[in-house]
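Close look at the chain arrangement
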Amino acid sequence: MNLSISKMISEDEIQTRVKALGEELTAKFKGKDLLAICVLKGSIVFYSDLIREIDTDLSCDFLGVSSYHGKTQSSGEVKLTLDLNTPIDGRHVLIVEDIVDTGLTMAYLQKSLLARSPASLSTVTLLHKPDAKKVECEIDYIGFEIPNDFVVGYGLDYQGLYRNLPYIGQVSNLN
Ligand code: IMP
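Every chain is numbered on its own, with residues counted from 1 as its sequence reads. In keeping with the predicted nature of the model, local features appear solely for residues at pLDDT of at least 70, side-chain atom pairs appear and are counted solely at 80 or more, and the whole-chain, interface and lining totals rest on all residues. Side-chain measures were taken over the full set of non-hydrogen atoms in the model, leaving aside hydrogen atoms and water.

1. Regarding the pattern of salt bridges
- When a carboxyl oxygen of Asp or Glu is within 4 Å of a side-chain nitrogen of Lys or Arg, the pair counts as a salt bridge. All chains considered together, the criterion is met by 7 salt bridges.
- Here K129 makes a salt bridge to D101, at a shortest N to O gap of 3.6 Å. Of this pair, K129 sits in the loop between β6 (120-128) and β7 (141-145) while D101 sits in the loop between β5 (92-100) and α3 (104-114), and the two are 28 residues apart along the sequence.
- Owing to a relative accessible area of 5%, K129 belongs among the buried residues under this scheme.
- The buried category is assigned to D101, whose relative accessible area is 13%.
- Here E136 and K133 are joined by a salt bridge, their closest N and O atoms 3.2 Å apart.
- On the accessibility criterion, E136 (63% relative accessible area) is exposed.
- Relative accessibility thresholds used throughout: buried, under 20% of the residue-type maximum; exposed, over 50%; partly exposed, between the two (1.4 Å probe, protein chains only). Accessibility expressed as a relative area gives 46% for K133, which makes it partly exposed. Every helix listed is a DSSP run of H or I at least four residues long, and every strand listed is a run of E at least two residues long, numbered separately from the N terminus.

In structure tokens form, the structure reads like this:
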């Protein structure tokens, strides 16, 4: 695929920010058991870097959701494609997202996981597009706020591609 991609956030900037987020999360969860939930597929790269910066007892689990269906605009409909393997009642849970765009996915995840009675539910996203917000959702930790442009790389895709770019790139030739 021949997209025109310009670098928005470099590898170094991402790594510095991820380390800082890891420190904040360590301060919050030190001495507690933390269940870190990776929201597939976009969060895989951020998640694997972030969990290595969190210094406490940590277990991993995975949730699959889809809302874009390969397009660049959210369909507005969030679908659970893979559920957790572990019960979360009484546990300290952290949702790790790649990007909060309209907020629909995060709001859906918060609602579904809160219904399972965790001891606490926290949220972290690498990217946040405040201008794209359609529904309110609280996010505890944000890596970077970005404009309402379509981005790829560091786990984020366009039609399944570009997840392996080490930086966040802005796509300029989408129609
Ligand atoms: P939301 O439900 O609209 O907040 O969208 C959340 C999901 O849409 C994210 O987890 C991403 O998978 C996808 N998404 C939103 N914006 C982008 C983007 O700029 N590039 C790639 N994927 C995106």
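2. Considering helix α1 (residues 11-29)
- For a helix, the expected span equals 1.5 Å multiplied by the residue count minus one. Between its first and last C-alpha, α1 extends 26 Å over 19 residues, near the 27 Å set by a 1.5 Å rise per residue.
- Buried within α1 we find I14, V18, L21, G22, L25, T26 and F29. Take α1 and look down its axis: the buried residues cluster within an arc of 140°, on one side only. Away from its buried face, by an angle of more than 90 degrees, α1 presents the exposed residues D12, T16, E23 and A27. Taken from the helix axis, the directions to the C-beta atoms give the arc we talk about.

3. Points about the nonpolar core
- What is meant by a nonpolar core is a set of buried Ala, Val, Leu, Ile, Met, Phe, Trp, Tyr and Cys residues, joined one to another through side-chain atoms within 4.5 Å. With 27 residues, the main nonpolar core has F46, L50, V124, L126, L127 and I168 as its most contacted residues.
- Every element with two or more residues in this core is listed here: α1, β2 (33-40), α2 (44-51), β5, β6 and β7.
- A total of 5 residues in this core trace back to one element, the largest contributor, which is α1.
- Pairs of residues are marked as contacts when any of their non-hydrogen atoms sit within 4.5 Å. Those residues within four positions of L50 in sequence are excluded, and the remaining contacts are V18, L21, G22, L25, V96 and V124.
- Core analysis: the next-biggest nonpolar cluster, separate from the first, contains 16 residues, I37, V93, L109 and C137 among them.

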